[in-house]
Amino acid sequence: MTKDEVAAALDEMGTLLALKGENAFRCNAYHNAARTVQQLDGDLKQIVADGKLSEVRGIGDTLQEKITTLVKTGQHKFLNELRASIPEGLVQMLRLPGMGPKKVKALHDTLGIDTIDKLKAACESGAVASQKGFGAKTQQKILEGIAFLGTVGNRVRIDLALPLGRALLEQIKAMPGVIRAELCGSLRRRRETAKDIDILVSSANAQPIMDAFVALPEVVQLVGQGPTKSSIVATMHLDGTKVTLNADLRVVTDEQFPFALHYFTGSKEHNIRLRQRAIDHGWLLNEYGLGSETHRVPAKDEADIFKALGLEYIPPELREDTGEVEAAEAKKIPALVAESDIRGVFHNHTTYSDGTASLEEMALATKALGLEYFGVADHSQSLTIARGLPPNVVRKQWAEIDRVHAKLQGVTIIKGTEVDILEDGSLDYDDELLAGFDYVVASVHSLFGMPEEEMTARVCKALAHPAVTMLGHSTGRLLLKRDGYKINLDAVLKCAAEHGKMIEINAQPSRLDLDWVHVKRAKAMGIPIVINPDAHSPGELDLFRYGVDVARRGWLTKDDVFNTRSLKDVMKELHRRKGQRAKA
Ligand code: DGT
Ligand code: CA
Ligand code: ZN
């Protein structure tokens with residue numbers, strides 16, 4: 001087993017123990033060990049072989065034995081027995097908001113609930129509300145959670161789906177006989193989540209490729225196999241999470257490849273528009289080709305297909321039928337912002353608040369990514385669960401930034417804060433302290449249950465504050481887990497435009513707000529967008545890439561994104577804003 005697989009197994013043990021009613025201390029020992037294993041330097045097999053596991057802090061005898069067995073045999077009797085003793089439905093119930101192991105176990109013990117369906121029925125009959133520790137409100141929340149799970153189905157976040165897709169694709173590309181191979185579908189269009197992995201290959205001989213595909217190590221189940229299409233279920237461990245997704249492989253001739261690539265990239269709505277356009281030319285467009293019975297339009301790549309239909313090339317991210325066909329006809333497809341345009345990052349955390357690395361470590365990791373500036377924005381004083389900084393600690397951090405700066409080369413730390421927007425829309429620091437930062441990210445972290453009107457007024461009031469530079473995670477959503485707080489985003493965009501404020505794309509793949517639809521609207525209103533990784537560790541800094549995907553889906557060019565500017569331009573703009581503030 002790899003580090004990630006061992007970590008996932010340990011996490012699962014902790015969760016299953018909690019569902020058995022074990023005390024939190026024992027369960028947490030497994031979760032902590034999972035994190036420790038993941039962060040170990042060096043090869044886990046080697047560490048085990050050298051007997052060095054005992055030197056790792058927080059790994060006692062019991063855990064040592066478990067990890068060693070997992071590494072050596074790929075399984076553990078303890079985990080197998082736990083799995084056998086706990087209905088799978090209990091684990092699924094943990095995905096519901098507010099349903100921790102204690103609550104799940106209680107409902108199992110008292111009402112015999114062991115599936116989501118039974119839970120739903122028990123809520124609908126009112127049986128859950130009458131249980132000790134539940135009540136009508138909780139029952140309602142559970143029902144809403146079940147409804148939400150129903151709408152997201154088995155979709156998977158892009159940061160989990162894309163690596164699995166790429167792992168399959170890389171192996172396919174290396175197979176003999178493969179001419180071209182590409183990911184299609186929602187992954188190629190970089191949607192926030194994917195239902196499955198679509199892979200397209202061109203080859204003169206499909207069968208050997210199909211056979212090799214279904215035998216790949218990630219494949220856990222064969223769903224179907226025909227002459228040109230295979231469907232499988234693939235699984236992989238990523239950062240301690242087990243990712244499982246369906247994957248379809250289609251094999252076509254190299255001549256068909258551009259047409260099939262375009263067709264299976266979608267979206268369906270975009271395809272329908274293009275097929276209609278072909279019909280207007282007297283042609284038929286499908287996954288095999290373009291043309292009429294007497295005339296076939298050749299295409300060596302997708303650009304040729306668009307060209308034949310009188311269109312500029314449309315990047316996959318724009319293929320949602322939201323105006324891209326009209327823009328391509330008018331030759332007005334924007335030059336989309338690229339990963340390589342990003343010059344620095346704002347909104348990041350260090351050990352001063354809830355980050356895992358020091359200022360210097362974070363700055364050096366930023367530099368290692370080839371970026372010029374690291375904007376630190378730790379939490380403000382009210383957010384005690386995230387160790388928000390009281391004013392005296394802010395001043396201490398400023399002094400440390402100056403000290404670290406003296407020895408840093410090639411990367412600049414910019415002094416910022418992620419200040420909480422309080423209940424009434426005021427900010428969590430006084431104006432004097434706020435004036436000391438180079439920039440201010442304002443975010444909502446509390447009272448998510450506020451009515452929409454109040455929440456909108458709260459955020460708008462914060463945006464009107466002269467010290468605020470940009471709005472942080474604008475909806476508080478957690479993808480596939482919970483909707484954001486209720487807020488009128490269009491009204492918020494209007495306020496931002498009015499007050500000349502920026503809005504971030506939070507590039508954490510579990511968040512990704514502002515969503516691409518509103519990003520596009522923000523652009524139309526002239527609101528500068530900032531792509532922020534919201535990094536809590538060095539490894540999270542490059543998450544900004546997922547924010548670039550959202551920006552591209554929102555039609556943004558380099559000029560629309562503030563952190564594509566050079567350090568010099570960024571500081572000039574931040575100082576200009578401060579000057580305006582001082583005058584106000
Ligand atoms: P997903 O899988 O829900 O994340 O989203 P997609 O876009 O990957 O959808 P999927 O996997 O069902 O199909 C892949 C592509 O195949 C889709 O984007 C467009 C094309 N496609 C599928 N079904 C149809 C259809 O009925 N009509 C047309 N024109 N295209 C289709
Ligand atoms: Ca798909
Ligand atoms: Zn943050």
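Residues numbered from 1 in each chain as written. Chains lettered and ligands numbered in written order. Predicted model: local features only at pLDDT ≥ 70, side-chain atom pairs only at ≥ 80, totals over all residues. Heavy atoms only, no water.

Ligation of the calcium ion (ligand 2) by protein atoms is provided by Asp 196 (OD) and Asp 198 (OD), these donors lying 2.2 to 2.3 Å from the ion. The class of Asp 196 is buried, set by a relative accessible area of 13%. Assessed through its relative accessible area of 12%, Asp 198 is described here as buried. (Donors = N, O, S within 2.8 Å, 3.2 Å for Na, K, Ca; no water. Buried < 20%, exposed > 50% of the residue type's maximum accessible area, 1.4 Å probe, protein only.)

Let's shift gears to the coordination of the zinc ion (ligand 3). Of the protein atoms, only His 347 (NE2), His 349 (NE2), Glu 418 (OE) and Asp 534 (OD) coordinate the zinc ion (ligand 3), at distances of 2.0 to 2.6 Å. Coordination at the zinc ion (ligand 3) is irregular, judged from the four donor atoms that bind it and the angles of 77 to 166° they form at the metal. (Tetrahedral: all angles 85-135°; square planar, octahedral: opposite > 155°, others 65-115°.)

Moving on, we get to the domain arrangement of the chain. Here the chain is partitioned into domain 1 (3-152), domain 2 (154-254), domain 3 (256-333) and domain 4 (343-583). Spacing between the C-alpha centres of domain 3 and domain 4 amounts to 39 Å. Taken residue by residue, the interface counts eight residues in domain 3 and five residues in domain 4. A buried area of about 650 Å², summed over both sides, lies between domain 3 and domain 4, and 56% of it is on carbon and sulfur atoms. Per-residue buried area on domain 3 facing domain 4 is highest for Glu 317, Leu 318 and Thr 322; these three make up 70% of the total on that side. Here Arg 553 makes a salt bridge to Glu 320, at a shortest N to O gap of 3.1 Å. Between the two partners, domain 3 and domain 4, sit three residue pairs in polar contact (both at pLDDT 80 or more). Here the side of domain 3 that touches domain 4 is built from residues that sort into three nonpolar, two polar and three charged. (Domains from an automatic or database assignment. Contact = heavy atoms within 4.5 Å. Buried area = accessible area lost by both parts, 1.4 Å probe. Salt bridge = Lys/Arg side-chain N within 4 Å of Asp/Glu carboxyl O. Polar contact = N/O pair within 3.5 Å; in protein donor to acceptor, adjacent residues only side chain to side chain. Nonpolar A, V, L, I, M, F, W, Y, C, P; charged D, E, K, R; others polar.)

Attention shifts here to the site of ligand 1. If you check the shell around ligand 1, you find 16 residues, and the closest are Arg 155, Ser 186, Arg 189, Lys 195 and Arg 275. Ser 186 has a polar side-chain atom sitting 2.5 Å from an oxygen atom of ligand 1. Between ligand 1 and the protein, one listed contact pairs an oxygen atom with a side-chain N or O atom of Asp 198 at 3.2 Å. Look at ligand 1: alone it shows 590 Å² of surface, and the protein chains cover 76% of it. Counting residues per element, the ones that place at least two in the shell around ligand 1 are helix H11 (185-189), strand S4 (196-202), helix H13 (257-265) and helix H14 (268-280). Of the residues in the shell around ligand 1, the class split is three nonpolar, six polar and seven charged. When residues are assigned to domains, the shell around ligand 1 turns out to be shared by domain 2 (154-254) and domain 3 (256-333), each giving three or more. (Near = heavy atom within 4 Å. Areas by Shrake-Rupley, 256 points an atom, 1.4 Å probe, with all protein chains shown as cover. Helix = DSSP H or I, 4+ residues; strand = E, 2+ residues; numbered from the N terminus.)

Okay, the nonpolar core next. Within the largest apolar cluster, 101 residues are counted, with the highest numbers of intra-cluster contacts made by Ile 172, Ile 197, Ile 199, Leu 249, Phe 374, Ile 413 and Ile 531. Take this core: its biggest share by element is eight residues, from helix H10 (residues 158-173). When we break this core down by domain, the ones giving at least three residues each are domain 2 (154-254) and domain 4 (343-583). Judged by nonpolar contacts, the second largest core, of 45 residues, contains Leu 44, Val 56, Leu 70 and Met 93. (Core = buried A, V, L, I, M, F, W, Y, C linked by side-chain atoms within 4.5 Å.)

Where empty space is left can be seen by rolling a probe of water-molecule size over the atoms. One pass over the structure, following the stated rule, counts two cavities of 30 Å³ or more. Put simply, the largest cavity is a space of about 50 Å³. Taken together, the elements giving at least two residues each to the lining of the largest cavity come down to H13 and H14. Of the residues that constitute the lining of the largest cavity, the class distribution is two nonpolar, three polar and one charged. Each pocket or cavity is described by its volume, and for the second largest cavity that value is around 30 Å³. Lining the second largest cavity are Asp 378, Leu 389, Val 394, Gln 397, Gly 416, Thr 417, Tyr 429 and Phe 437. Within the residue set of the lining of the second largest cavity, elements represented by two or more residues are helix H18 (391-407) and strand S12 (412-420). Residue classes in the lining of the second largest cavity are distributed as four nonpolar, three polar and one charged. (1 Å grid on protein atoms, 1.4 Å probe; cavity = no way out; pocket = protein on both sides within 12 Å on 5 of 7 lines; lining within 4 Å. Points joined across faces, edges and corners; volume = space filled by probe spheres on them.)

This part covers the packing of helix H1 (residues 3-20) against helix H5 (residues 77-85). Running from N to C, H1 and H5 point in directions that differ by 45°, and their axes come no closer than 10 Å. The pairing of H1 with H5 is recorded here as oblique in orientation. Crossing angle aside, the handedness with which H1 passes H5 is left-handed. Of the residues in H5, those touching H1 at Ala 9, Glu 12, Met 13, Leu 16, Leu 17 and Lys 20 are Phe 78, Leu 79, Leu 82, Arg 83 and Ser 85. Residues that form the contact of H1 with H5 fall into these classes: seven nonpolar, one polar and three charged. (Axes fitted to C-alpha atoms, helices over the stretch in contact; angles between N-to-C directions. Parallel < 35°, antiparallel > 145°, perpendicular 65-115°, else oblique. Left-handed = near helix turned anticlockwise from the far one by under 90°.)

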